[in-house]
Amino acid sequence: MAKGQKKIKRYRRIYGGRSALSKWMGIVLTVVVLAGVACLGWVLYEPVSQFLSGTMKVPDDIPSSAAWESASQPEESLPEQLQTDPQQPENLDLSQVKGAYLPLSALQDTTQLRQTLTNLKQQGINCILIDAKNAQGQVLYQSANQTVAEVAAQVAGAVDLGQITALAKENGITVIARIYAFRDPLSSLVLKKAAVKYQDTEMLWLDDSKENGGKSWLNPYSEVAQMYIADLSLECIRAGCSAVMLDGVQFPTGYSLELAGYGTQTKTHQQVLSDFVQDMEELLKENHGVLIYASSTQAMLGMEADSYDTGGLYYPIENFCPDVRPASFANGIRPESLTIDDPAGQPYDTVKTVLTQLKNLGADKNFLPMLQADTDPASALEYTALQMEEQIRALEECGITGYILYSEQGSYPFS
């Protein structure tokens, strides 16, 4: 970009396509405005006519010029952002984050949540990661979004997100909302025009057969799909979340990928994903939020090219959450000539190895790694405080100080 050139607000494209309802509302609004103008013209006809003919009478009680100038001065008002975003979050520094994941079950009981937050704070935790929209497409907080209602995506027992962020703030804890983007088998069933299709047909593409539980996906090229994700992200920021962690920013995985249709496009898969996350980063910044791109380490290292392309590490955005949990490397780690056959059993070596690789490829990125803090389901190896500390030591030796501890049940083995 040339020096001094004004940066184009590219994210506006996310909102480039609106629904038919919005278009009809625009037509109705136009008719109402025109009718109002006509009425105003009728009301003003006589005084304007008098003024032009010189017969208009000036009222005796007209205010003086000084009084008029005083009355015409604009009243002071709060900045627009404060008026629209009363729960404006503080800026989040990823290097200072000591985070822990909490599932929906840990958020639903206010008394229990207060105690959980107090306990986490005592252990040095200053941030919690919660799910706003999960990989099943379910929205886990009370949303006012029209599409959420149309899709029936909100789960029973959805939490009040504003209340969650307020309780967290009382303990000096910030909140990151995780949103799965195009990996969404729920809304893609209803928003069919925004879904991946079988080639050029109107039939939904599934990542496996129906008998095997095949799922549909949102189409990353779809403006409707992008707008849905953007709207939910803004809703989370305006409810007091400091950041949105976007996961599932990818093209589908599964069977018969060659039959997946995305419509006529001029951009590559990598280009559309890169443009989308750049747009989202700018959008959240303007609303005092932070975007964090989440993905598997294998994808970020370019080992899952079919769905992630480069895995996002080359996208021109700032913040990344690589999943470096040792149990996620079920088939071992073999970057270059280094081999780790039992990643779950060697947490320090595993985290040190993969973060070294990631930092070599993304030296200018901010990393907020996800660390393992629960039992490995494959090997039944129990992770204790010692294994957590070994992972933290490994990332600190790589020059990274922020992290998210992940326990599916939200239970942590602190020492």
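Residues numbered from 1 in each chain as written. Predicted model: local features only at pLDDT ≥ 70, side-chain atom pairs only at ≥ 80, totals over all residues. Heavy atoms only, no water.

A. Examining the state of the cysteines more closely. Tallied over the full model, the rule gives zero disulfides. Among the cysteines around C241, which has no disulfide bond, C236 carries the closest sulfur, lying 5.1 Å off. (Disulfide = S-S within 2.5 Å.)

B. Seen up close, the pairing of strand β1 (residues 98-101). Bridge count between β1 and strand β13 (residues 403-406): three bridges; the pairing is parallel. Paired with G99 across the strands is I404, a residue of β13. Pairing geometry for β1 and strand β2 (residues 127-133), over three bridges, is parallel. When the bridges of β2 are listed, G99 appears paired with C127. Crossover β1 to β2 through helix α4 (residues 110-122) is right-handed. (Pairing = 2+ DSSP bridges. Helix = DSSP H or I, 4+ residues; strand = E, 2+ residues; numbered from the N terminus. Right-handed = clockwise from strand over helix to strand, strands pointing away.)

C. Geometry of the nonpolar core. Ranked by internal contacts, the top residues of the largest apolar core, which has 102 residues, are I176, F182, C236, L246, V249, F276 and I292. The element contributing the most residues to this core is helix α8 (residues 223-238), with nine residues. Setting aside chain neighbours within four positions, we find C236 in contact with A132, Y141, L161, A177, I179, C241 and V244. (Core = buried A, V, L, I, M, F, W, Y, C linked by side-chain atoms within 4.5 Å. Buried < 20%, exposed > 50% of the residue type's maximum accessible area, 1.4 Å probe, protein only. Contact = heavy atoms within 4.5 Å.)

D. Here's a closer look at the confidence of the model for the protein chain. The pLDDT averaged across the protein chain works out to 81; a share of 73% of its residues lies at or above 70. Counted against residues more than four places away or in other chains, residues 1-8, with its pLDDT under 50, gives three contacts. This stretch, residues 51-86, has a pLDDT under 50; its non-local contacts, to residues over four places away or in other chains, come to 14 contacts. (pLDDT = per-residue confidence, 0-100.)

E. Fine view of the pattern of salt bridges. As enumerated under the stated definition, the model contains nine salt bridges in all. A salt bridge links E318 to K285; its shortest N-O distance comes to 2.9 Å. On the criterion of sequence distance, the pair formed by E318 in the loop between α11 (305-308) and β10 (319-323) and K285 in helix α9 (residues 269-286) is long-range, its members being 33 residues apart. Residue class for E318 comes out partly exposed when judged on its relative accessible area of 35%. For R325, the salt bridge goes to D323, with nearest N and O atoms at 2.8 Å. The class for D323 is buried, based on a relative accessible area of 15%. Through salt bridges with shared partners, a single network forms among K352, R393 and E397. (Salt bridge = Lys/Arg side-chain N within 4 Å of Asp/Glu carboxyl O.)

F. Inspection of the environment of G402 at higher detail. Within the secondary structure layout, G402 lies in the loop between α13 (385-397) and β13. Spatially, the C-alpha atoms of G402 and G99 are 7.9 Å apart, while their sequence positions differ by 303 residues. With sequence-adjacent residues up to four places away left out, G402 is seen in contact with L94, S95, V97, F367, L368, P369 and L395.

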